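Commentary on secondary and tertiary structure
One letter stands for each residue in the lines below.
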Amino acid sequence: MKRLMPLLAFLGLLALGQSPGAKLYSANCQSCHQATGQGLPGAFPPLTHLDKVVQAKGGREYLIRVVLYGLQGPLTVGGTTYNGVMPPFRQLRDQEVADLLNHVLTTFAKSKAKPISASEVKAQRAKALSPQDVLKSRPPVK
Ligand code: HEC
């Protein structure tokens with residue numbers, strides 16, 4: 001037990017050190033997009049290109065919609081085509097969706113875009129979109 005103490009203390013610090021966005025990512029997104037945000041080629045797209053998406057016209061709204069309404073239909077990222085189904089995460093609060101996206105953007109996509117706010121999420125929640133509608137609103141970023 002004595003030998004385990006430093007390890008336990010270290011793990012405790014790791015858990016404490018996780019931001020709300022990081023915790024939400026582990027709990028909701030990691031199983032498909034992987035711990036590194038690299039995805040699985042052909043099955044789950046990476047999230048590392050999202051700086052280009054968030055900077056494009058309509059990109060902020062699109063990213064929020066993907067989380068709230070899910071995504072379905074053919075999509076090409078980094079030369080690989082995906083045609084899968086991402087489930088919606090409407091159960092997350094506005095602030096949680098913002099924290100989650102800001103974590104993904106700053107960590108995996110190294111983005112310096114203005115952080116997404118809870119009120120931007122609220123504005124997108126007021127719509128009733130299908131996962132196919134969400135794909136139609138995607139900016140043309142490869
Ligand atoms: C069950 C697996 C699964 C989970 C869990 C999941 N996703 Fe996805 N995600 C996908 C799939 C599959 C696609 C591509 C859908 C398609 O082909 O139309 C996708 C696409 C995306 C895209 C669009 C990328 C682009 O370039 O347009 C974003 C952003 C995204 N996911 C973020 C998230 C976030 C954030 C979470 C956690 C809340 C999450 N995903 C959870 C499977 C998943």
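Use the structure listed above.
Residues numbered from 1 in each chain as written. Predicted model: local features only at pLDDT ≥ 70, side-chain atom pairs only at ≥ 80, totals over all residues.

**What to know about the nonpolar core**
Ranked by internal contacts, the top residues of the largest apolar core, which has 27 residues, are Leu 50, Leu 63, Leu 101 and Val 104. Looking at this core, the elements that each hand over two or more residues are α2 (20-28), α4 (50-55), α5 (59-69), α6 (94-107) and α8 (131-136). (Core = buried A, V, L, I, M, F, W, Y, C linked by C-beta atoms within 7 Å. Buried ≥ 20, exposed ≤ 12 C-beta atoms within 10 Å, placed from the backbone. Helix = DSSP H or I, 4+ residues; strand = E, 2+ residues; numbered from the N terminus.)

**As for α2**
Residues of α2 that are buried: Gly 21, Leu 24 and Tyr 25. Along the long axis of α2, the arc covered by the buried residues comes to 100°, so they all point the same way. On its buried face, α2 sits against α3 (30-33) and α6. (Arc of directions from axis to C-beta. Contact = placed C-beta atoms within 7 Å.)

**A short note on the packing of α5 against α6**
Packed helices, taken two at a time, are described by their axes: the angle between them and the distance between them. Direction vectors running N to C along α5 and α6 enclose 120°, while the axes themselves pass 11 Å from each other. One way to sum up the angle between α5 and α6 is to call them oblique. α5 and α6 meet at a crossing whose hand is right-handed. On α6, the residues that touch Leu 63, Ile 64, Val 67 and Leu 68 of α5 are Val 97, Leu 100 and Leu 101. When its residues are assigned to classes, the contact of α5 with α6 shows seven nonpolar, no polar and no charged. (Axes fitted to C-alpha atoms, helices over the stretch in contact; angles between N-to-C directions. Parallel < 35°, antiparallel > 145°, perpendicular 65-115°, else oblique. Left-handed = near helix turned anticlockwise from the far one by under 90°. Nonpolar A, V, L, I, M, F, W, Y, C, P; charged D, E, K, R; others polar.)

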